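# Fold and geometry: a report
Residue strings, one per chain:
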Amino acid sequence: MNFVKRVGSLDDRAVGSLALGVAGLFFFNVVFGPTAIALGAITAHRHGSGTPSRNAGLIGIALGVADLIVLAVLITTQIRHGSLVWHV
């Protein structure tokens, strides 16, 4: 007997959008942010409102935008005397 009730699964694009959005907060936000936005937009467009995949796609878009905001903050805090100074 199978006692596990299967709840609606997420689209692979939605999972990718979420994963790239979260990873972009820490690494390569200039690449992962726009990719998360694109995958989230595709997912949100393909699925109807209220579905888990659409909601995950919208969250992926929000995380992608947050990635770009983090990048903008990092760049603006590193500008000194008209030039970009970045120390690793």
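See the structure shown above.
Overview of the structure. (Residues numbered from 1 in each chain as written. Predicted model: local features only at pLDDT ≥ 70, side-chain atom pairs only at ≥ 80, totals over all residues. Heavy atoms only, no water.)

Quick look at the packing of helix α1 (residues 12-24) against helix α3 (residues 52-78) now. Between α1 and α3, the shortest axis-to-axis distance is 8 Å and the interhelical angle comes to 25°. Here α3 runs roughly parallel to α1, going by the angle between their axes. Both α1 and α3 take part in a crossing whose hand is left-handed. Residues A14, S17, L18, L20, G21, V22 and G24 of α1 form the contact with α3, whose participating residues are S53, A56, G57, I59, G60, I61, L63 and D67. Looking at the contact of α1 with α3, its residues break down into 8 nonpolar, 6 polar and 1 charged. (Axes fitted to C-alpha atoms, helices over the stretch in contact; angles between N-to-C directions. Helix = DSSP H or I, 4+ residues; strand = E, 2+ residues; numbered from the N terminus. Parallel < 35°, antiparallel > 145°, perpendicular 65-115°, else oblique. Left-handed = near helix turned anticlockwise from the far one by under 90°. Contact = heavy atoms within 4.5 Å. Nonpolar A, V, L, I, M, F, W, Y, C, P; charged D, E, K, R; others polar.)

This brings us to the pattern of salt bridges. Overall, the coordinates contain 1 salt bridge when judged by the stated rule. R13 is paired through a salt bridge with D11; the nearest N and O atoms lie 3.2 Å apart. Taking relative accessible area as the criterion, R13 reaches 29% and is therefore assigned partly exposed. (Salt bridge = Lys/Arg side-chain N within 4 Å of Asp/Glu carboxyl O. Buried < 20%, exposed > 50% of the residue type's maximum accessible area, 1.4 Å probe, protein only.)

By themselves, these figures tell us nothing about what the structure is for.
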